[in-house]
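One letter stands for each residue in the lines below.
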Amino acid sequence: MKYIKYMNTIIGNIAIIEEEDKIIAIEINKEIKEDVIQKETTLLEEVEKQLLEYLEGKRKNFDVPLNPKGTKFMKQVWTALQEIPYGEVRTYGQIAQKIGKPKAARAVGMANHRNPIPIIIPCHRVIGGNGKLVGYALGMDMKEFLLKLEGIF
């Protein structure tokens, strides 16, 4: 069973999806087409609390169980993203180096784009090699907002 919780925030409507006691997705300002049951679970309530704390500038780290769906490569990238400290950024090339695939910067970008759990898996903390903000599945305004929230820009 997949359970879902909706929340309205300063960045828009967020849907948190749980399956087997792990978070599998966070959708922001998107219509949910999956077969899910709206239910208040302990995990969904905790994720809501942590997301609100983050958006209020009171939380720097998340500690909830995750199970993002993707390829082995994508999961390597998403694990590396979770190691980027709050308030810091890395380049796509640095993430590629970190996972032992130094020529895979573009593939890292695609894995970022397909990140099913944005914010908690902080793909917004990845920038271009030239130090510029580039690409973000939720839009550049959202990326800039999240980075400013973390004191980066």
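Because the structure is predicted, anything quoted here is derived from the model rather than measured. (Residues numbered from 1 in each chain as written. Predicted model: local features only at pLDDT ≥ 70, side-chain atom pairs only at ≥ 80, totals over all residues. Heavy atoms only, no water.)

(A) Layout of the nonpolar core. Within the largest apolar cluster, 41 residues are counted, with the highest numbers of intra-cluster contacts made by Ile 16, Ile 23, Ile 26, Leu 51, Val 77, Leu 81 and Ile 120. Elements represented by at least two residues in this core include exactly strand 1 (2–9), strand 2 (12–19), strand 3 (22–28), helix 1 (42–55), helix 2 (72–81), helix 3 (92–98), helix 4 (105–113) and helix 5 (140–149). In this view, Leu 81 contacts Ile 95, Asn 112, Ile 121, Pro 122, Cys 123 and Val 126; residues no more than four positions away in its chain are not counted. By size, the runner-up hydrophobic cluster in this structure holds 6 residues, among which are Ala 15, Ile 17, Ile 24 and Ala 25. (Core = buried A, V, L, I, M, F, W, Y, C linked by side-chain atoms within 4.5 Å. Buried < 20%, exposed > 50% of the residue type's maximum accessible area, 1.4 Å probe, protein only. Helix = DSSP H or I, 4+ residues; strand = E, 2+ residues; numbered from the N terminus. Contact = heavy atoms within 4.5 Å.)

(B) Up close: the sheet that holds strand 4 (residues 37–38). Overall, mixed pairing links the 4 strands, which are arranged 3-2-1-4 in an open sheet. Strands at the two margins of the open sheet, each flanked by one partner only, are strand 3 and strand 4. Of the pairings in the sheet, the one linking strand 2 to strand 3 comprises 6 bridges and is antiparallel in character. Its bridge partner lying in strand 3, Glu 18 is registered against Ile 23. Sitting on the sheet, helix 1 is in contact with strand 1, strand 2 and strand 3, with an inclination near 25° to strand 1. (Pairing = 2+ DSSP bridges. Axes fitted to C-alpha atoms, helices over the stretch in contact; angles between N-to-C directions.)

(C) Spatial organisation of the pairing of strand 3. When you tally the buried positions in strand 3, you get 6 out of 7 residues, the bulk of the element. Counting the residues in the hairpin turn of strand 2 and strand 3 gives 2 residues, including Glu 20, whose phi is positive at 55°.

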